[in-house]
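# A structural walkthrough
These are the residues of each chain, in order.
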Amino acid sequence: QVQLVESGGGLVQPGGSLRLSCAASGSFFSINVMGWYRQAPGKERELVATMTRGGSTQYVDSVKGRFTISRDNAKNTVYLQMNSLKPEDTAVYYCNAPNVLTMNYRFLEVWGQGTLVTVSS
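Let me sum up the structure you'll find in this document. (Residues numbered from 1 in each chain as written. Predicted model: local features only at pLDDT ≥ 70, side-chain atom pairs only at ≥ 80, totals over all residues. Heavy atoms only, no water.)

### Digging into the side chain of glutamate 6
- With respect to the secondary-structure elements, glutamate 6 resides in strand β1 (residues 2–7).
- Buried and unpaired, glutamate 6 has no salt bridge, with arginine 45 as the nearest side chain of opposite charge at 7.8 Å.
- Among the polar contacts listed, one links the side chain of glutamate 6 to the backbone nitrogen of glycine 114, at a separation of 2.9 Å.
- Residue contacts for glutamate 6: discarding those within four places in its chain leaves Ser21, Cys22, Trp36, Tyr93, Tyr94, Cys95, Gly112, Gln113, Gly114 and Thr115. (Helix = DSSP H or I, 4+ residues; strand = E, 2+ residues; numbered from the N terminus. Buried < 20%, exposed > 50% of the residue type's maximum accessible area, 1.4 Å probe, protein only. Lys, Arg positive; Asp, Glu negative; His and termini not counted. Salt bridge = Lys/Arg side-chain N within 4 Å of Asp/Glu carboxyl O. Polar contact = N/O pair within 3.5 Å; in protein donor to acceptor, adjacent residues only side chain to side chain. Contact = heavy atoms within 4.5 Å.)

Laid out in structure tokens, this is it:
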């Protein structure tokens, strides 16, 4: 009933940029919070950035000043602009919506399938 589909990952050199997109589709009324997690090999999944429908944002310290999260509410799409990428940013990036109000009046946490970002020279 609700799907999140990420795109935009790939291979980039250190210092480069990528823009990730995540589009939500399905049967839902609204998504108040959307965000991005990432999971590097052998590490725990961590929250990278979140954004509310009203525009409030949060970032993990390691990406502040380099990453920017944004949303197009009309398109139910969230973006992550990643600049000045570092090798330690290498991970699978997952779109997340922790509290989606569905047309069945249920609240669901929904995850995207992930998109791989590799930062390497």
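### Thoughts on a nonpolar patch on the surface
- Where nonpolar side chains cluster on the molecular surface, the patch consists of Phe29, Met103 and Tyr105 and spans about 350 Å² of accessible area.
- By secondary structure assignment, the location of phenylalanine 29 is in strand β4 (residues 28–31).
- We classify phenylalanine 29 as partly exposed; its relative accessible area is 41%. (Patch = residues over 30% accessible without salt bridge, like charges linked within 9 Å, V, L, I, M, F, W, Y side chains within 5 Å. Areas by Shrake-Rupley, 256 points an atom, 1.4 Å probe, with all protein chains shown as cover.)

### Regarding the sheet that holds strand β9 (residues 77–82)
- Strand order in the open sheet formed by four strands is β1-β3-β9-β8, with antiparallel pairing between adjacent strands. Only two strands of the sheet have a single partner each, and these edge strands are β1 and β8 (67–72). Adjacent strand axes in the sheet meet at a mean angle of 15 degrees when their direction is disregarded.
- Relative to β9, β8 runs antiparallel, the two sharing six bridges. By the bridge assignment for β9, serine 70 is matched with tyrosine 79. (Pairing = 2+ DSSP bridges. Axes fitted to C-alpha atoms, helices over the stretch in contact; angles between N-to-C directions.)

### Things to note about the pattern of salt bridges
- Evaluation of the coordinates by the stated rule reveals four salt bridges.
- In this structure, arginine 38 and aspartate 89 form a salt bridge, with 2.9 Å as the shortest nitrogen-oxygen distance. With arginine 38 in strand β5 (residues 33–39) and aspartate 89 in the loop between β9 and β10 (91–102), the pair connects residues that are 51 residues apart, well separated along the chain. By the burial criterion, arginine 38 is buried, and aspartate 89 matches it.
- For aspartate 61, the salt bridge identified is with lysine 64, shortest N-O distance 2.9 Å.

### What to know about the state of the cysteines
- Applying the stated criterion across every chain yields a total of one disulfide.
- Across the disulfide from cysteine 22 sits cysteine 95; the S-S distance is 2.0 Å. Here the disulfide of cysteine 22 and cysteine 95 is left-handed, its torsion about the S-S bond being about -85 degrees. In this pair, cysteine 22 is assigned in strand β3 (residues 18–26) and cysteine 95 in strand β10, connecting sequence segments 73 residues apart.
- Among the residues examined, cysteine 22 registers a relative accessible area of 0% and is labelled buried. (Disulfide = S-S within 2.5 Å.)

### Focus on the pairing of β5
- Burial runs high along β5: five of the seven residues are buried.
- Pairing geometry for β5 and strand β6 (residues 46–52), over six bridges, is antiparallel. Within β6, the position partnered with arginine 38 by the bridge is glutamate 46.
- Across five bridges, the pairing between β5 and β10 is antiparallel. Bridging across to β10, tyrosine 37 finds its partner in tyrosine 94.

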